[in-house]
Amino acid sequence: MKKAKEALESFHPFPMRMEIVPLEGGRTVINDAYNANPRSMELALETLAEVKGKGRAIAVLGDMLELGSFGEEAHQQLGQKVNELSTDFLLTLGEEAPVVVESAIRHGLAPERAMVVESHQEAISILKQIMREGDWVLVKGSRGMEWRRSLKG
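Only a predicted model underlies this, so the values are computations on that prediction, with no experimental measurement involved.

**Some details on the pattern of salt bridges**
Next up, step 1: Summed over all chains, the structure comprises seven salt bridges.
Next up, step 2: In this structure, the salt-bridge partner of lysine 81 is glutamate 42, at a minimum N-O distance of 3.5 Å. In this pair, lysine 81 is assigned in helix α3 (residues 71-84) and glutamate 42 in helix α2 (residues 38-51), connecting sequence segments 39 residues apart.
Next up, step 3: With a relative accessible area of 22%, glutamate 42 lands in the partly exposed category.
Next up, step 4: Note that aspartate 135 and arginine 56 form a salt bridge whose closest N and O atoms lie 2.7 Å from each other. Of this pair, aspartate 135 sits in the loop between α5 (120-130) and β6 (136-140) while arginine 56 sits in the loop between α2 and β3 (57-62), and the two are 79 residues apart along the sequence.
Next up, step 5: For aspartate 135, a relative accessible area of 1% translates into the label buried.
Next up, step 6: Salt bridges linked by common partners bring Arg39, Glu42, Lys81 and Glu84 together as one network.

**Points about empty space enclosed by the protein**
Next up, step 1: On inspection of all chains with the given rule, the structure shows one cavity of 30 Å³ or more.
Next up, step 2: By volume, the largest cavity amounts to about 30 Å³.
Next up, step 3: Together, Leu61, Gly62, Asp63, His75, Leu78, Thr92, Leu93, Glu96, Ala97 and Val100 line the largest cavity.
Next up, step 4: Those elements giving two or more residues to the lining of the largest cavity turn out to be β3, α3, β4 (89-93) and α4 (97-106).

**A word on α4**
Next up, step 1: Turning to α4, its buried residues number three or more, namely Ala97, Val99, Val100, Val101, Ser103 and Ala104.
Next up, step 2: Turning to α4, the residues buried within the fold contact α3, β4 and β5 (114-116).
Next up, step 3: Immediately beyond the C-terminal end of α4, within one or two residues, lies glycine 108, with a positive phi of roughly 120°.

**Some remarks on the sheet that holds strand β2 (residues 27-32)**
Next up, step 1: In space, the six strands of this open sheet follow the order β1-β2-β6-β3-β4-β5, with mixed pairing throughout. The sheet is open, and its two borders are formed by β1 (19-23) and β5, each paired with just one other strand. Sheet twist, expressed as the average angle between the axes of neighbouring strands with direction ignored, equals 15°.
Next up, step 2: In this structure, β3 lies alongside β4, joined through five bridges in parallel fashion. Bridge pairing links alanine 59 to leucine 90 in β4.
Next up, step 3: Each of β2, β3 and β6 touches α2; the most contacted strand, β6, lies at about 170° to it.

Reading the values: the criteria
- Residues numbered from 1 in each chain as written.
- Predicted model: local features only at pLDDT ≥ 70, side-chain atom pairs only at ≥ 80, totals over all residues.
- Heavy atoms only, no water.
- Salt bridge = Lys/Arg side-chain N within 4 Å of Asp/Glu carboxyl O.
- Helix = DSSP H or I, 4+ residues; strand = E, 2+ residues; numbered from the N terminus.
- Buried < 20%, exposed > 50% of the residue type's maximum accessible area, 1.4 Å probe, protein only.
- 1 Å grid on protein atoms, 1.4 Å probe; cavity = no way out; pocket = protein on both sides within 12 Å on 5 of 7 lines; lining within 4 Å.
- Points joined across faces, edges and corners; volume = space filled by probe spheres on them.
- Contact = heavy atoms within 4.5 Å.
- Pairing = 2+ DSSP bridges.
- Axes fitted to C-alpha atoms, helices over the stretch in contact; angles between N-to-C directions.

What follows is the structure, given as structure tokens:
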């Protein structure tokens, strides 16, 4: 039993897969930018909603790539899920970003809490302005969106 406990305590997840990154000021990032598909996006948003506690849930979402003809519909469903799970702020990046934002707003997210950003740096700049103590930020999108480089910058 002791070996199992030690193994669990020393376990480190794969990079960019539900990595918990504590920030100064009691803020936390969930870096799940390894890959994205409709189900993994939904599960990550559910996790964000569960862990945020009294803090706010902020989702920074990139495109889900390689979905073919289902791409637009999947991004519309993502916007709906963002609202259903009481996400407080939504920042999106990529070609499908407007689809996600429009859907989230159509399903009830306040327009001032949802926006398309043009770059990773713009997302970081906005996060620095809006984040406060206790907030949780989910960063998720397909690897092709190149989040890893941006998170280190």
